[in-house]
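# Analysis of the macromolecular model
What follows is the residue order along each chain.
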Amino acid sequence: MQMRPCWVEIRTHALEDNFRFLQSLAASEVELLAVVKADSYGHSLDLCAPAVVRAGARWIGVTSVEEGVAARGLCPAARIMVMAGVFPGQGEAVVEHGLTADIWEPAQIDNLDSAARAAGLRPGSLPVHLEIDTGMSRQGASLEDLAPLLARFGPQSPLKLEGIMTHLYAADESNGVATQTQLAELQLALARVEAAGLYPDWLSVGSSPMVIGAMDGAIANLAARHGMKAMLRPGLALYGITTRFSPPFESGEPPSLAAARSELQPVLTWKSAVMSVRNVPSGAVVGYNGTFVATEPMRLALVAAGYADGLDRSLGNRFSLLVRGQRAPLVGRISMDHAMLDVTEIPGVEAGDEVVILGTQGSETITAYEHADATGTIPWEVFTRIAARVRRIAV
Ligand SMILES: *Cc1c(COP(=O)(O)O)cnc(C)c1O
């Protein structure tokens, strides 16, 4: 059956190119874990996880065991990191599907330990990564809590401490002060890990800005000093969005940032279509509550996209979409399933015309940052709130 025309196109080749580009930016000894959490930032895990693996990713990162199980079905050979905790009753699935959990609570260790023993795993055979809270106060063990956790990795444990992980809360701040403080805390933690006689393979630190902002070398050095390999975890950059550092670099912008701006390609285009076009007289009320009243005879195009598709309702009367390669203002309130465009100035618009909500049409582009700025949010949320009913198609 022909579907309602509101869909997302995913350029999987652009995603592959982006991964390879980021790998080329990073120091050669740095491993890039491709973050595909939250249905690949709304881009579709089904389409994106196999694409990053094709491009060379050996590790992919998700944020639930459910996503990890789905990713395992798509990528049989990849290492799959569950980065946001394992919940009670999920240990069996971690073992069965060969997932790698990020842990920081004794209860998470209990859970995995008993699942691994129940499955008859040998000592040291279920790899986990221990997260350290180096300053974000979200996930991770504090330095004070470390000793009893490290004591859980004795010779009889089926768990293997394979990696140490931390998350940076201000990797996009150009002065780098918060990151330096966090890395100093991380070094203290690494000293305690070594003092406990544990030698994990991986040091996993940081997101897209660390790759684009040329901080990969610092992490690689820190890892090497402790006999570890560095792993960075880019997400947004994979999907073609260049980090906006704040404040912007006045001078001394890292060359990698300019390279990212020219090389990273947006992966997602969100499209819809004109359903019908009507002429309205001056004084006509447009949409719920008449927040727009025509001040002259106008031509309006009805578009098959509304807030139930993830088109933010606050964009009504404040944003434009692309039709026939031009920006057409959204007029009136956005409805659940519809939006209306003023196409008075755009000749020839007719039913069936393609509308671009996010992406490029002709020589015009609406970026994820434009959506984000207009609605007071960030590109991550713009992407992830595109509703599940909007089908994702590989192109
Ligand atoms: C989301 C996430 C990332 C990727 O962040 P980006 O800013 O999208 O690159 C990396 N690590 C962890 C733990 C995350 O949750």
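Residues numbered from 1 in each chain as written. Predicted model: local features only at pLDDT ≥ 70, side-chain atom pairs only at ≥ 80, totals over all residues. Heavy atoms only, no water.

### Structural notes on the overall build of the protein chain
Defined as follows: Helix and strand definitions here come from DSSP, where helices need a minimum of 4 consecutive H or I residues and strands a minimum of 2 consecutive E residues; each element is numbered from the N-terminal end. Note on classification: 1.4 Å probe, protein chains only; a residue is buried when its accessible area is under 20% of the maximum for its type, exposed when over 50%, partly exposed between these limits. Only heavy atoms matter for contacts: two residues are in contact if any of them lie within 4.5 Å across the pair. Computed by Shrake-Rupley with a 1.4 Å probe, the accessible areas treat only the displayed protein chains as cover when residues are assessed. We score Asp and Glu as negative and Lys and Arg as positive, and we do not count His or the chain ends. Every charge is mapped onto a representative atom, which is NZ of Lys, CZ of Arg, CG of Asp or CD of Glu.
Helices and strands together make up the secondary structure of the protein chain, namely 13 helices and 19 strands. The dimensions of the protein chain, computed from C-alpha atoms along their principal axes, are 80 × 50 × 35 Å. Considering the protein chain as a whole, with its 395 residues, one finds that 54% of them fall into the buried category. Counted over contacts in the protein chain with a minimum sequence separation of 6, partners at least 24 positions apart contribute 71%. Within the structure as shown, the protein chain displays about 16600 Å² of accessible surface, and the carbon and sulfur contribution to it stands at 53%. When the 31 positive and 42 negative side-chain charges of the protein chain are each reduced to one mean point, those points stand 4 Å apart.

### Quick word on the sheet that holds strand 5 (residues 99-103)
For the record, the criterion: Two strands pair under a simple rule: DSSP has to find at least two bridges between them. Orientation is described by axes fitted as lines to C-alpha atoms, over the contacting stretch for helices, and by angles from 0 to 180 degrees between their N-to-C directions.
Judged by pairing direction, the barrel is parallel, and its eight strands sit side by side in the order 2-3-4-5-6-7-8-9 before closing back on the first. Strand-to-strand twist across the sheet, computed as the mean angle between neighbouring axes with direction ignored, equals 30°. Looking at chain direction, strand 6 (residues 126-131) and strand 7 (residues 159-166) are connected through six bridges and run parallel. Directly across from Pro127, in strand 7, lies its bridge partner Lys160. Sitting on the sheet, helix 6 (residues 106-118) touches strand 5, strand 6 and strand 7, and the angle it makes with strand 5 is about 155°.

### Observations concerning the state of the cysteines
Put simply, the rule is: In this description, the term disulfide denotes a pair of cysteine sulfurs within 2.5 Å.
Evaluation of the coordinates by the stated rule reveals zero disulfides. As a non-bridged cysteine, Cys48 has Cys75 as the owner of its nearest cysteine sulfur, 10 Å distant. Using a relative accessible area of 0% as the deciding quantity, one classes Cys48 as buried. Since its relative accessible area comes to 3%, Cys75 is described here as buried.

### What about the domain arrangement of the protein chain?
Note the following rule: Bear in mind that the domain bounds are from an automatic or database domain assignment. Buried area, as used here, totals the accessible surface that two parts lose on assembly, with accessibility defined by a 1.4 Å probe and the loss added over both. One side-chain nitrogen of Lys or Arg within 4 Å of one carboxyl oxygen of Asp or Glu is enough to make a salt bridge.
Looking at the assigned domains, one finds that the protein chain contains domain 1 (12-263) and domain 2 (268-394). Each of domain 1 and domain 2 has a C-alpha centre, and these two points are 38 Å apart. Roughly 1100 Å² is buried in total at the junction of domain 1 and domain 2, and carbon and sulfur atoms are behind 70% of that figure. Interface area lost by domain 1 to domain 2 is led by His43, Leu236 and Arg244, which between them contribute 43%. Between domain 1 and domain 2 we count one salt bridge in total. Of the charged contacts in the structure, one is a salt bridge between Asp373 and Arg244, with a shortest N-O distance of 2.9 Å.

### Observations concerning the site of the ligand
The condition that has to hold: Put simply, a residue is near a molecule or strand once any heavy atom of it comes within 4 Å of that molecule or strand. Polar contact is defined as a pair of N or O atoms within 3.5 Å, subject to the rule that within protein one atom must be able to donate a hydrogen and the other to accept it, and that residues adjacent in sequence are counted only when both atoms are side-chain atoms.
As a matter of local geometry, the ligand sits amid 13 residues, with Lys37, Tyr41, Ser208, Gly235 and Leu236 nearest to it. Contact distances for the ligand include 2.7 Å between an oxygen atom and a side-chain N or O atom of Lys37. In this structure, Arg233 approaches the ligand through a side-chain N or O atom, which is 2.9 Å from a nitrogen atom. Across the complex, the protein chains shield 92% of the 380 Å² of accessible surface that the ligand would expose by itself.

### Focus: the pairing of strand 3 (residues 59-62)
On strand 3, burial covers both faces: Trp59 and Gly61 on one face and Ile60 and Val62 on the other are all buried. In the sheet, strand 2 (residues 31-35) pairs with strand 3 via three bridges, with the strands oriented parallel. Note on strand 3: the bridge partner recorded for Ala34 is Ile60. Of the pairings in the sheet, the one linking strand 3 to strand 4 (residues 79-82) comprises four bridges and is parallel in character. For Gly61, the partnering residue across the bridge sits in strand 4 and is Met81.

### Considerations on the pairing of strand 6
Burial analysis of strand 6 places six of its six residues in the buried class, which makes it a mostly covered element. Burial along strand 6 is two-sided: Leu126, Val128 and Leu130 facing one way and Pro127, His129 and Glu131 facing the other are all buried. The pairing of strand 5 with strand 6 spans three bridges and is parallel. Paired with Ile103 across the two strands is Leu130, which belongs to strand 6.

### Remarks on the packing of aromatic side chains
We count it as follows: Any Phe, Tyr or Trp ring, taking Trp's six-membered ring, that has another such ring centre within 6.5 Å forms a pair; planes under 30 degrees apart are called stacked, those over 60 apart edge-to-face, and the others tilted.
Considering all chains together, one arrives at three aromatic pairs under this definition. When the centroid spacing of 5.7 Å and the interplanar angle of 75° are considered together, the rings of Trp59 and Trp202 count as edge-to-face. Here Trp59, found in strand 3, pairs with Trp202, found in strand 8 (residues 202-205); they are 143 residues apart in sequence, far enough to count as distant. Comparing Trp59 with Trp202, the two get one shared label, buried.

### Notes on the pattern of salt bridges
On inspection of all chains with the given rule, the structure shows 20 salt bridges. As a salt-bridge pair, Glu350 and Arg324 come within 3.9 Å of each other at their nearest N and O atoms. Highlighted residues: Glu350 in the loop between strand 16 (339-342) and strand 17 (354-361) and Arg324 in the loop between strand 14 (320-323) and strand 15 (326-329), separated in sequence by 26 residues. Owing to a relative accessible area of 46%, Glu350 belongs among the partly exposed residues under this scheme. Looking at Arg324, the relative accessible area reads 40%, which means it is partly exposed. Residue Asp337 pairs with Arg389 through a salt bridge whose shortest N-O separation is 2.7 Å. Within this pair, whereas Asp337 is found in the loop between strand 15 and strand 16, its partner Arg389 is found in the loop between helix 13 (379-384) and strand 19 (391-394), the two being separated by 52 residues in sequence.

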